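Summary of the model geometry
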Amino acid sequence: MGQADVPARVDGRTARAERTRAAIVEAHLALISEGDLRPTGERIADRAGVSLRTLWTNFKDMETLFEASGERLLQEQDAAYRRISPDLPLAKRVDAYCRQRARLLQLITPSARAAQMREPVSAQLHLNRLKHIDRVRDEVLDLFAAELDRAGAGRDELVNALVAASMWPAWSMLRDGLGLGVDKARAVMTRTVRALLTESKV
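Residues numbered from 1 in each chain as written. Predicted model: local features only at pLDDT ≥ 70, side-chain atom pairs only at ≥ 80, totals over all residues. Heavy atoms only, no water.

**Description of the overall build of the chain**
From N to C terminus, the chain includes 10 helices and zero strands. Tracing the chain from N to C terminus, the helices and strands come up as α-α-α-α-α-α-α-α-α-α. Computed over its C-alpha atoms, the radius of gyration of the chain comes to 21 Å, more than 25% above the 17 Å expected for a compact globule of 202 residues. With respect to the three principal axes, the spread of C-alpha positions in the chain is 75 × 40 × 30 Å. Residues classed as buried in the chain amount to 38% of the 202 residues present. In the chain, the share of contacts with a sequence separation of at least 24, taken over all contacts with a separation of at least 6, comes to 66%. Accessible area for the chain stands at about 11,500 Å²; split by element, carbon and sulfur atoms hold 53% of it. (Helix = DSSP H or I, 4+ residues; strand = E, 2+ residues; numbered from the N terminus. Rg over C-alpha atoms; globule rule 2.2 N^0.38 Å. Buried < 20%, exposed > 50% of the residue type's maximum accessible area, 1.4 Å probe, protein only. Contact = heavy atoms within 4.5 Å. Areas by Shrake-Rupley, 256 points an atom, 1.4 Å probe, with all protein chains shown as cover.)

In structure tokens form, the structure reads like this:
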């Protein structure tokens, strides 16, 4: 066997391992999306079509699986995300921002519900949430830079208020707590964001 065969073999094993890991992550997220908010290793392995041993060979514990599933969820959000121009009038920016936030929040709702149950005892799920917060904060800073500059000493407070109004806990309150449909929940978010930004002009 020539030396050229060895890298090909290694590449083949690596590709198979990556496919196996991807199948496990997809199985984990699929079960959650179907309402199984605390899927066991056995159910995940069965859904992925692998043995339980293979599952734990690829992921040493649930925390490492939470990390990989969290990254996959961020990738799905990236694929659905469209940057909104900061040059648009404020009303159009707010409308576009809240429409996009509503769409992305609906996308992550099953995983957010599942994470909410386990986050108190999971450092990784808490870290996953911080990544979502950072992304929303970055978008707020970019999209509403002009209004934030005018807020003066209240800038940081305004940023925090906008981020809080845009995250899943607020969305869950609107959808699950108040029982609003997507359109009505988005309208409340839009009103909140618009009020916060309009107040910053005063």
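**Some points on the side chain of Asp36**
Looking at where Asp36 falls in the secondary structure, it is placed in the loop between helix H1 (5-33) and helix H2 (41-48). A distance of 2.8 Å separates the side chain of Asp36 from the side chain of Arg43, its partner in a polar contact. Once you skip the residues sitting within four places of it in the chain, Asp36 turns out to touch Leu31 and Arg43. (Polar contact = N/O pair within 3.5 Å; in protein donor to acceptor, adjacent residues only side chain to side chain.)

**What to know about helix H9 (residues 168-177)**
Along H9, the residues that are buried comprise Trp168, Trp171, Ser172 and Leu174. Along the axis of H9, the buried residues cluster in a sector spanning 165 degrees; they form a single face. Facing away from the buried surface of H9 by more than 90 degrees, the exposed residues are Pro169 and Gly177. Following H9 by one or two positions, Gly179 adopts a phi angle in the positive range, close to 70 degrees. (Arc of directions from axis to C-beta.)

**Observations regarding the packing of aromatic side chains**
Applying the stated criterion to the full structure yields one aromatic pair. Look at Tyr97 and Phe144: their rings are 5.5 Å apart centre to centre, the planes differ by 80 degrees, and that puts the pair in the edge-to-face class. Here Tyr97, found in helix H5 (residues 90-118), pairs with Phe144, found in the loop between helix H6 (123-143) and helix H7 (145-150); they are 47 residues apart in sequence, far enough to count as distant. The pair Tyr97 / Phe144 is uniform in exposure class, with both members buried. (Phe/Tyr/Trp six-rings, centres within 6.5 Å; stacked < 30°, edge-to-face > 60°.)

**What to know about helix H8 (residues 155-166)**
Relative to the 16 Å expected for 12 residues at 1.5 Å per residue, H8 spans 17 Å between its end C-alpha atoms, a close match to the ideal helical length. Buried within H8 are the following residues: Leu158, Val159, Leu162, Val163, Ala165 and Ser166. When H8 is viewed along its axis, its buried side chains cluster within an angular range of 165 degrees and face the same direction. Among the exposed residues of H8, those pointing more than 90 degrees away from its buried face are Asp156 and Glu157. Against H5, H6, H7, H9 and helix H10 (182-199) lie the buried residues of H8. (Expected span 1.5 Å × (residues − 1).)

**Focus on the nonpolar core**
Core analysis: the largest hydrophobic core is formed by 29 residues, its most contacted members being Tyr97, Val140, Phe144, Leu162, Trp171, Val193 and Leu197. Contributing elements (two or more residues each) for this core: H5, H6, H8, H9 and H10. With eight residues, the single largest contributor to this core is H5. With residues up to four places along the chain from it excluded, the contact list for Val140 reads Tyr97, Ala145, Leu148, Leu162 and Val163. Grouped together as the second largest cluster of nonpolar side chains are 12 residues, Leu29, Ala45, Ala48 and Phe59 included. (Core = buried A, V, L, I, M, F, W, Y, C linked by side-chain atoms within 4.5 Å.)

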